[in-house]
Amino acid sequence: MLLNSYTLEFARLSCGSKAQQLDLIAHLDQDISEVIPYLNSVLEGFQYTKAPRSVSFKLNGKLVVIHPREICVNAPDDQSEGEKIIKWLREKINDTWERRGEIQPRFESAPKPKVLEILRLLPKTNCGECGRSTCMVFASHVSEGGTDPDDCQQLDGEQKTKLARYLGQFQFES
Ligand code: SF4
């Protein structure tokens, strides 16, 4: 077993949450660096960094970032949901580690939506109703997969469809 134990903490972090929401951080008691490229394949990560290693992916609409000694879950609905996600991830990490001989590790990110292309499709009023200070900040979070585009209440039907079509080309929207 690669990951055995961890402690949980709710805090305001930088993994894309709205200002009023808390993220869940699991502080890992074991270093899981070696499994991260395999998780990038198994979990269809959309962002991978080499140094330090990390992988980001979406789970039930939440952004999850896995680091060697920490897992960050973007704004779970409540403590129970956050705990379930981390428990599921621990099983997935250990199963992936056990099966690593059959898995092709992936050392790169999936193609990512462009911030300026997302911004072009937003209302650009900087109204702040989405919890971000500007549409540019919102576009940046959407590009990273940390924000649901539906959080922009001002998007009208046609622009919403266009944005969904654009984002639909990228892995993190699945
Ligand atoms: S709600 Fe929409 S229009 Fe308003 S700041 Fe956020 S992204 Fe921009």
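Residue numbering note: each chain is counted from 1, following its sequence as written. Predicted model: local features are reported for residues with pLDDT of at least 70 only, side-chain atom pairs are reported and counted for 80 or more only, and whole-chain, interface and lining totals are derived from all residues. Remark: hydrogens and water are excluded; side-chain values derive from all non-hydrogen atoms of the structure.

A. Quick look at the site of the ligand. For this purpose, a residue is taken to be near a molecule or strand whenever a single non-hydrogen atom of the residue falls within 4 Å of it. Around the ligand, the surrounding shell consists of P123, T125, N126, C127, G128, C130, C135, F138 and C152. Lining residues are defined by having an atom within 4 Å of a point belonging to a cavity or pocket. Those points lie on a 1 Å grid over the protein atoms alone, cavities being sets where a 1.4 Å probe fits but cannot get out and pockets being open sets with protein on both sides within 12 Å along at least five of seven lines. By definition, a pocket or cavity contains a molecule when more than half of the molecule's atoms lie within 2 Å of the pocket's grid points. Its atoms largely coinciding with the cavity grid, the ligand occupies the largest cavity. Gly is put with the polar residues, along with every residue not named as nonpolar or charged; the nonpolar set is Ala, Val, Leu, Ile, Met, Phe, Trp, Tyr, Cys and Pro, and the charged set is Asp, Glu, Lys and Arg. Within the shell around the ligand, the residues separate by chemical class into six nonpolar, three polar and no charged.

B. Main features of the pattern of salt bridges. By definition, a salt bridge exists where a carboxyl oxygen of Asp or Glu is found within 4 Å of a side-chain nitrogen of Lys or Arg. Applying the stated rule across the entire model yields eight salt bridges. For D150, the salt bridge is made with K160, and the minimal N-O distance between the two is 3.9 Å. Note that D150 is positioned in the loop between α4 (135–143) and α5 (157–167) and K160 in helix α5, a separation of ten residues in sequence. Where salt bridges share partners, they join K62, D77 and E81 into one cluster. Every helix listed is a DSSP run of H or I at least four residues long, and every strand listed is a run of E at least two residues long, numbered separately from the N terminus.

C. Geometry of the nonpolar core. With 25 residues, the main nonpolar core has I32, V35, V64, I66, I71, L89 and I93 as its most contacted residues. If you list the elements that add at least two residues to this core, you get β2 (23–28), α1 (36–42), β4 (54–59), β5 (62–67), β6 (70–73) and α2 (79–98). Non-local contacts of I32, meaning those with residues more than four positions away in its chain, are made with L2, L3, I66, H67, P68 and I93. Formed by 15 residues, the second largest nonpolar core is a distinct cluster that contains L121, L122, A139 and F170. In plain words, nonpolar cores are sets of buried Ala, Val, Leu, Ile, Met, Phe, Trp, Tyr and Cys residues tied together by side-chain atoms within 4.5 Å. Exposure classes here rest on a 1.4 Å probe applied to the protein chains alone. A residue is buried below 20% of its type maximum, exposed above 50%, and partly exposed in between. Residue contacts are counted whenever heavy atoms from the two residues lie within 4.5 Å of one another.

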